[in-house]
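# Examination of the molecular architecture
Listed below are the residues making up each chain.
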Amino acid sequence: MKNLLVTGGAGFIGSNFVRYMLDRYGDVRITNLDALTYAGNLENLAGLEADERYRFVKGDVAEPDDVAAVLADGGFDAVVHFAAESHVDRSLHHGAGTFIRTNIQGTQVLLDGCRTCGVARYLQVSTDEVYGSLGAEGRFTEGSPIAPNNPYAASKAGADFMVRAAWKSHGLNAVITRCSNNFGPYQFPEKLIPLMIANALEDKPLPVYGDGKHVRDWIYVIDHCSAVDTVLRKAEPGSVYNIGGDHDVPNIEIVRLILKILGKPESLIRFVDDRPGHDRRYAMDSSKIQDDLGWSPAHTFEQAMRETVDWYLAHRDWWERIRSGAYRDYYDGMYAARLKQAGA
Ligand code: NAD
Ligand code: TYD
């Protein structure tokens, strides 16, 4: 596994993965194929330009010519597929078209490309959201029914099925990881944790959906990266592995913790209209990856959250640049009416 094609390496988790792998393995080579959508940012990879083990290629995973071109001259040992449209709210409010194109069609184009070029390993980075929502009890296992409730989750589930089909029908050596909610450096400030940190730092209202009691299972992004690396190297073809941080808490607790770390008042919190079809609770059972492959998270939630908040404090120019651009129109469209209704 020395020569990797990583897709979506300019996004949040992909850029952390590229850095993680280059730091960890002296002999790894990484080609990063990324279309640089609104969520792709080469600043996330700053400093790597001079590393001759790393190469960036701008291209679209749903475009067969782009994928064929990069695979043809690559001689890759494996493809690790992160590229996706990743934000649930966009899939609800801006239409599902790009989600179907990138997440399902893009996955199929890569699978076909791997078969044509004889790539020996394919890893699909998926999500706990394909399982839908839990009731008050229990955790998702790899055997839980696939029951997605929003267009993003449905497109990721569709992609997982295409991966399964490529393995079953064509014998492609493919594996799937399904991870819970990530947090850490370089996360686009439309997602809960960076959005709340940035708003709090600017003394802006913190929009909490519904009653704030929706539960997510949070994992530090570096622990997700180490799990993907483990599965890439050790998992049996056709296998699926859940990855979780074993830290499932209601959103409102996360928001209060951020305010506490930053020394900001809880009066900034605004309960706004809920997300349609909002999944009530996610929690992962990660015992299979722990038992089979010996992986476990290396970071505690509290320490990782403090480090994450510190990172956003130290990289204010990074998120301020994002928030001053086209993202501002997205934010106003998504929140202005809801915040007004909530009295902010
Ligand atoms: P992100 O939105 O931060 O980054 C996505 C990246 O993919 C960007 O660099 C973007 O430019 C690129 N991209 C989008 N469409 C593309 C296309 N058509 N061709 C090539 N590149 C394209 O996403 P993220 O949060 O880093 O998530 C990465 C992967 O991990 C996704 O597959 C996501 O479903 C999965 N995942 C995310 C989480 C999470 O909490 N963020 C949890 C579990 C799984
Ligand atoms: P998000 O970061 O969008 O991840 P996902 O939808 O993939 O879980 O949201 C995490 C949780 O936070 C989810 O329950 C929705 C909630 N949320 C808010 O309450 N307010 C917000 O402004 C956002 C973006 C999310």
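In this report, the structure presented in the accompanying data block is examined. (Residues numbered from 1 in each chain as written. Chains lettered and ligands numbered in written order. Predicted model: local features only at pLDDT ≥ 70, side-chain atom pairs only at ≥ 80, totals over all residues. Heavy atoms only, no water.)

We now examine the site of ligand 2. Taken together, 19 residues are adjacent to ligand 2, and Glu-129, Pro-207, Arg-275, His-278 and Tyr-335 come closest. In this structure, an oxygen atom belonging to ligand 2 sits 2.8 Å away from a main-chain N or O atom of Tyr-209. Within the side chain of Arg-275, one N or O atom sits 2.5 Å away from an oxygen atom of ligand 2. Within the complex, the protein chains bury 97% of what would otherwise be the 510 Å² of accessible surface of ligand 2. Residue assignment for the shell around ligand 2 shows that the elements contributing at least two residues are α3 (88-93), α6 (192-201) and β8 (206-209). The residue makeup of the shell around ligand 2, split by class, is 8 nonpolar, 5 polar and 6 charged. (Near = heavy atom within 4 Å. Polar contact = N/O pair within 3.5 Å; in protein donor to acceptor, adjacent residues only side chain to side chain. Areas by Shrake-Rupley, 256 points an atom, 1.4 Å probe, with all protein chains shown as cover. Helix = DSSP H or I, 4+ residues; strand = E, 2+ residues; numbered from the N terminus. Nonpolar A, V, L, I, M, F, W, Y, C, P; charged D, E, K, R; others polar.)

All right, on to the nonpolar core then. Residues Ile-30 and Val-80 are the most contacted members of the largest nonpolar core, which totals 75 residues. If near-sequence neighbours (up to four positions away) are discounted, Val-80 is found in contact with Leu-5, Val-6, Thr-7, Phe-17, Leu-123, Val-125, Val-228 and Leu-232. Among the nonpolar cores identified, the runner-up in size contains 21 residues, and Val-109, Val-163, Leu-172 and Ala-174 belong to it. (Core = buried A, V, L, I, M, F, W, Y, C linked by side-chain atoms within 4.5 Å. Buried < 20%, exposed > 50% of the residue type's maximum accessible area, 1.4 Å probe, protein only. Contact = heavy atoms within 4.5 Å.)

In this section: the environment of His-278. By the secondary structure assignment, His-278 is in the loop between β12 (269-272) and α9 (287-293). Separated by 129 residues in the primary sequence, His-278 and Asn-149 have C-alpha atoms spaced 7.9 Å apart. The residues touching His-278, leaving out its near neighbours within four places in the chain, are Tyr-209, His-214, Arg-216 and Asn-251.

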